[in-house]
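Analysis of the macromolecular model
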Amino acid sequence: MKLILFFLLIIGIKVNAQNPVFTHVFTADPSPHVWPDNPNKLWVYTSHDEPGSNNHYGMTGYHAFSTTDMVNWTDHGRILHLDNVDWAESHAWAMDAAYYRGQYYLIYCMKEAGIGLFRTGIARSDVPQGPFTDLGYVKGVEFGQDPALFIDDDGSPYLFWGHDRKCFAAELNADLMSIKPETYVDLTKQLTHVFEGPWVHKRNNKYYLTYPGLTPRRWPEKMFYAVADKPLGPYEFKDVFIDDFEGQSGTNHGGIVTYKGKDMMFYHSAWLSGGLSETRNVMADYLHYDKNGDILPIVPTKEGLENAKRTITTLHLEAENGFAAGGELYNVIVDTWIKGFSGKGYVTNFDNPYDHVSILAQVAKPAKYRFIVSYASPDGESNHDILINSHAYREFKFPQSKGFKEIDFGMVDLKSGDNLIRVLKRDWKPSKGEFAIDYVKLVQVFED
Ligand code: FUB
């Protein structure tokens, strides 16, 4: 019966469908947060599965998502990639994010080049949507897969990490770049069935450590938790709270957040890939505690968090992010002179033939998207070519606009995987006047 229900849900019977949360891109290992500067905005940081990969060996980067209503989401695109981390060679696996001393941190794991063992990396950004700049790896952490960074109410930073049936924790030094060795603890024996993926949140002065675990020799992973009075334990094992469910992937992984007064669990499944592969997607459901503070079991729902027909995600890709977000700035510059831009600036100086900006859009499946560009062209109409991959090649006219404005170019086709959108100077004549690209938006469209 459970199986029939699952397939009815996958083929799309008319129920409200908030799960999977993101349906345009394969994502895993979600880390949900509400940052102090804006309690109305929910952020989710994820790792990224390549379409059709069916394993985790080729994972290379991370994404950030935000919402203010849990129905309309923004995908801020790639926020960090292996290519931006010079000490790493592969395996951009699970991560966490933190707000610490006025800046945003991504704490992630990758395999060290030439060594092939996991390290825990730290990257920083002054805005929550990234992109993040790598600062190096945390000293004193061996086999640092699946890190979680918990900042306690007094501002002390604690790192948790673990894989292959082990879990460790330590307080970090204030620069986050090394552990305090005297605080290092092995939590493995306190966390029954632990396999990997620790994640910590605090509620009513108790520390909840949630983690994916395996009952003896049995995949797939279930989610378990343990509770402590201090961040480094000792932890008291509690129970499983997400058991096996239809369409799950072999792994599970996630985190808990309180948003607009409600507790939510973000985790992952394989629903988007049809329940049959390891190519994963983010899920979210409400989480409830009983009067003793114990977590009540979660049974994954199709409805998810909001009573709406579906989630809709818009990719919002800032042109100025360039290489840090998988794009390129070719003979153009980032400027801030024309006011009203979003992000950190805009791209301008399309002076010569082939001058261009390219922007990376990653999607799960071939689909149509509404294509919107924010631009300014203060001195008159400007003609540019826009290439989407090598196939769609279109000439676009940008009418004069003194300030930034959005222009809607209608539908474009994106292929599964990486799509490079390139805005190119059109002709061989030297440009008159300034032309600026602020961002590109790609809006999910649905037929019904
Ligand atoms: O996403 C890659 C790996 O799968 C994570 O690091 C593990 O926690 C598991 O979710």
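All values reported here derive from a predicted model rather than from experimental measurement.

Rules used throughout
Residues numbered from 1 in each chain as written. Predicted model: local features only at pLDDT ≥ 70, side-chain atom pairs only at ≥ 80, totals over all residues. Heavy atoms only, no water. Pairing = 2+ DSSP bridges. Helix = DSSP H or I, 4+ residues; strand = E, 2+ residues; numbered from the N terminus. Axes fitted to C-alpha atoms, helices over the stretch in contact; angles between N-to-C directions. Domains from an automatic or database assignment. Contact = heavy atoms within 4.5 Å. Buried area = accessible area lost by both parts, 1.4 Å probe. Salt bridge = Lys/Arg side-chain N within 4 Å of Asp/Glu carboxyl O. Buried < 20%, exposed > 50% of the residue type's maximum accessible area, 1.4 Å probe, protein only. 1 Å grid on protein atoms, 1.4 Å probe; cavity = no way out; pocket = protein on both sides within 12 Å on 5 of 7 lines; lining within 4 Å. Points joined across faces, edges and corners; volume = space filled by probe spheres on them. Nonpolar A, V, L, I, M, F, W, Y, C, P; charged D, E, K, R; others polar.

1. Some words on the sheet that holds strand β20 (residues 281–286)
One open sheet holds the three strands; their spatial order is β18-β19-β20, and the pairing between them is antiparallel. Strands at the two margins of the open sheet, each flanked by one partner only, are β18 (255–259) and β20. The mean angle between the axes of side-by-side strands here comes to 30°, regardless of whether they run parallel or antiparallel. Of the strand pairs in this sheet, β18 and strand β19 (residues 262–269) are connected by five bridges, and their pairing is antiparallel. Paired with Tyr259 across the bridge in β19 is Lys262.

2. Details of the domain arrangement of the protein chain
For an interface, size is often stated in terms of accessible area lost upon the parts coming together. Domain annotation for the protein chain reports domain 1 (2–310) and domain 2 (315–444). Distance from the C-alpha centre of domain 1 to the C-alpha centre of domain 2: 33 Å. Contacts between the two partners involve 19 residues from domain 1, matched on the other side by 19 residues from domain 2. Between domain 1 and domain 2, a total of about 1,600 Å² is buried, with carbon and sulfur atoms accounting for 51% of that surface. Of all residues in domain 1, His24, Arg78 and Pro131 bury the most surface against domain 2, accounting for 36% of the area lost on that side. Across the domain 1-domain 2 interface, the total number found is one salt bridge. The salt bridge partner of Asp126 is Lys344, with a shortest N-O separation of 3.2 Å.

3. Regarding the environment of Gly254
Tracing the chain through its elements places Gly254 in the loop between β17 (236–242) and β18. Excluding residues within four positions of it along the chain, Gly254 makes contact with Pro30, Trp199, Met223, Met265, Phe266 and Tyr267.

4. Considering the pairing of strand β4 (residues 72–81)
Of all 10 residues in β4, eight are buried; the element is thus mostly enclosed. In this sheet, β4 lies alongside strand β3 (residues 61–67) in antiparallel orientation, the contact comprising six bridges. Residue His63 lies in a different strand from β4, and its bridge partner there is Arg78. Counted between consecutive antiparallel strands, the loop separating β3 from β4 contains four residues, among which Met70 sits at a positive phi close to 65°.

5. Examining empty space enclosed by the protein
Per the counting criterion, the structure on display carries three cavities of 30 Å³ or more. What the largest cavity holds in volume is close to 70 Å³. What lines the largest cavity is a set of 13 residues, among which Glu318, Asn321, Ala325, Ile359 and Leu360 lie closest to the centre. When residues of the lining of the largest cavity are traced back to their parent elements, those giving at least two are β4, β21 (312–318) and β25 (356–363). A breakdown of the residues in the lining of the largest cavity according to their chemical character gives five nonpolar, six polar and two charged. Inspection of the lining of the largest cavity shows a minimum of three residues originating in each of domain 1 (2–310) and domain 2 (315–444). Of the voids in this model, the second largest cavity is the one considered here, and its volume is about 50 Å³.

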